[in-house]
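The lines below spell out each chain.
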Amino acid sequence: MSHTPTQPTQTNRLLYLDFLRGLMLIGITLGHFGPTFEWLMWQPLGFFSNAEGFVLLSGTVFGLVYAKLEQRDPASMAVKARKRAWLIYLSHLGLLLFVALYTWATNGWADDWRSHAQFIAEAPALRLILGTLLIYQPPLLDILPMYALFVLIAPGIIRQLVAGRVWLVLGVSLVIWWLFSQVVGGGHWRTTIADSLGMGFPFQVGEFDPLTWQVLFFFGTALGVLMFQQRLPRQPQIVLALIAMVAVVLFFGLRHELIAAPAFWNPAWVDRHELAWLRLVNIAALIYTFWTLLYLARKVNWPAWARALPKPFACLGRHSLAVFSAHAVLIYLTIPIQMTYPLFWRYVIGLSLIFILLALACGLDIRARRQRQAQLRVLDAADGGSH
């Protein structure tokens, strides 16, 4: 059966995905602001973190956008992906330089100013070289290198997905996840390599293993391509929705100890670093539950203010690279505040970071809109001059 892709509109294509990415970025920012918001932002929905949501949604948006590029101009799709990966890499280098300067400037100051990246102070030249090579990834600087790698190799995967080889892509992704999460090195292959090289651990290659976390990004990519091609079911199945919702409630209860864990329970089943199998089940249940709720929400005639509410947060998602980079800078600059200020002021300053990021994202959105309008005026003028 053939499917004729149609170009999704901004409303049904990206608004709610960008809105969700914006919420993930808010959760990441507050979660990184010391222990102040940890009670609220650390795995609030179950065995699922904001970082996992961000990677999954980034893959979904990538699949939507680049499936359209593959259909319209296959030759330019890989070029644009390489440029995007290069931009992500440059953003990482800029953050690395900032973190190095911050660490050197505050080295030896009071403990309140202690940088998260002390290895830079201990071996500056070596760490900068390793950071440039993406081997050394200090705290908060480990998502972008992984993201750049995914974007760099994604064009080939997009082509396979567009060609209809979805199960092949998902199967290979799952096998790689299983090998490096459960088999190779007992799920700690990076630790084994680091110890064998005498580098010690953590030598900070990043908290996220790309060979396990790729399963989130490329499952998201597959979802995005299927959404673009309109090959997903039009509505959730009642039985599956009920099963997913029950699972979400159970995982929520186990996560927050509202339900007693059974005697055979093994915390390794929901390990975050290796993306353990039961954690993926929890994420799948959350995805299906959200899809069900979104389907039901679309049947409601919401007032204008409710329809407008997600838009500022969608700006965060649309400009996720700039927002994520800015959040890392703000977190490092507020290190002394996170640990020593009175609780009230920590809440105030932490929340103010969100408003700073919103202002940045909305400003970038306005600039992009003006640039598009200027381009349209130029095209209109050229079209008018040709007659």
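In what follows, the accompanying structure is described. Note on numbering: residues in each chain are counted from 1, in written sequence order. At least 70 in pLDDT is required for a residue's local features to be given in this predicted model, at least 80 for side-chain atom pairs to be given and counted, and no such filter applies to totals for whole chains, interfaces and linings, which use all residues. Hydrogens and water are ignored here; the side-chain numbers use all heavy atoms of the structure.

Some points on the packing of helix 11 (residues 238–255) against helix 12 (residues 277–297)
Interaxial distance between helix 11 and helix 12 falls to 8 Å at its minimum, and their mutual angle equals 125°. As judged from the angle between their axes, helix 11 and helix 12 are oblique. By crossing handedness, the relation of helix 11 to helix 12 is classed as left-handed. Contacts from Leu240, Ala241, Ala244, Met245, Ala247, Val248 and Phe251 of helix 11 reach helix 12 at Leu278, Val281, Asn282, Ala285, Leu286, Tyr288, Thr289, Thr292 and Leu293. Gly is placed with the polar residues, together with every amino acid not listed as nonpolar (Ala, Val, Leu, Ile, Met, Phe, Trp, Tyr, Cys and Pro) or charged (Asp, Glu, Lys and Arg). When its residues are assigned to classes, the contact of helix 11 with helix 12 shows 13 nonpolar, 3 polar and no charged. In this description, a line fitted to the C-alpha atoms serves as the axis of each element, helices being fitted only across the stretch in contact, and the angle between N-to-C directions of two axes falls anywhere from 0 to 180 degrees. Secondary structure elements follow DSSP: runs of H or I no shorter than four residues count as helices, runs of E no shorter than two count as strands, and numbering proceeds from the N terminus. Here the word oblique covers every angle except those under 35 degrees (roughly parallel), over 145 (roughly antiparallel) and from 65 to 115 (roughly perpendicular). Left-handed describes a crossing whose near helix is turned anticlockwise from the far helix by less than a right angle; the clockwise case is right-handed. By definition, residues are in contact when any of their heavy atoms lie within 4.5 Å.

Describing the pattern of salt bridges
Salt bridges are identified by distance alone: a Lys or Arg side-chain nitrogen within 4 Å of an Asp or Glu carboxyl oxygen. All chains considered together, the criterion is met by 5 salt bridges. Across the salt bridge formed by Arg279 and Glu52, the nearest N and O atoms sit 2.6 Å from each other. Within this pair, whereas Arg279 is found in helix 12, its partner Glu52 is found in helix 3 (residues 50–72), the two being separated by 227 residues in sequence. A salt bridge links Asp365 to Arg318, with the shortest nitrogen-to-oxygen separation between them at 3.0 Å. Taken together, the positions of Asp365 in helix 17 (residues 343–385) and Arg318 in helix 14 (residues 310–318) put the pair 47 residues apart, joining distant regions of the chain. Put simply, Arg318, Asp365 and Arg369 are held in one network by salt bridges that share partners.

Some points on helix 11
Working rule for helices: expected span equals 1.5 Å times residues minus one. Its 18 residues give helix 11 an end-to-end C-alpha distance of 26 Å, which sits within 8% of 26 Å, the value for a rise of 1.5 Å per residue. Between buried and exposed lies partly exposed: a residue is buried under 20% and exposed over 50% of the maximum accessible area for its type, with that area taken using a 1.4 Å probe on protein chains only. Along helix 11, the positions that sit buried rather than exposed are Ala241, Ala244, Ala247, Val248, Phe251, Gly253, Leu254 and Arg255. Buried residues belonging to helix 11 abut helix 12. Phi turns positive one or two residues past the end of helix 11, at Glu257, with a value near 60°.

Focus on the nonpolar core
Membership of the largest hydrophobic core comes to 98 residues, with the highest contact counts inside it found for Phe62, Val151, Trp213, Leu216, Phe217, Leu316 and Tyr332. Not counting residues within four places of it along the chain, the set of residues in contact with Val151 comprises Phe62, Ala81, Arg84, Ala85, Ile88 and Phe217. Grouping buried Ala, Val, Leu, Ile, Met, Phe, Trp, Tyr and Cys residues that are joined through side-chain atoms within 4.5 Å yields what is termed a nonpolar core.

Some points on a nonpolar patch on the surface
Exposure above 30% relative accessible area and the absence of a salt bridge qualify a residue for a patch, where like charges join within 9 Å and nonpolar side chains (Val, Leu, Ile, Met, Phe, Trp, Tyr) within 5 Å. Note on areas: these come from Shrake-Rupley sampling with a 1.4 Å probe, and a residue is covered only by the protein chains present in the view. On the surface, a cluster of nonpolar side chains totalling about 400 Å² of accessible area is made up of Val175, Trp178, Leu179, Val183 and Val184. Within the secondary structure, Val184 is located in the loop between helix 8 (166–183) and helix 9 (189–196).

What about the packing of aromatic side chains?
Between the rings of Phe, Tyr and Trp (Trp by its six-membered ring), a pair exists once the centres lie within 6.5 Å; its type follows the angle of the planes, with under 30 degrees stacked, over 60 edge-to-face, and the other angles tilted. Following the criterion strictly, the structure yields 22 aromatic pairs and no others. Relative to Phe37, the ring of Phe33 has its centre 6.2 Å away and its plane inclined at 55°; by these criteria the two rings are tilted. Put simply, the rings of Phe47, Phe251, Phe264, Trp265, Trp269 and Trp277 pair up and form one aromatic cluster.

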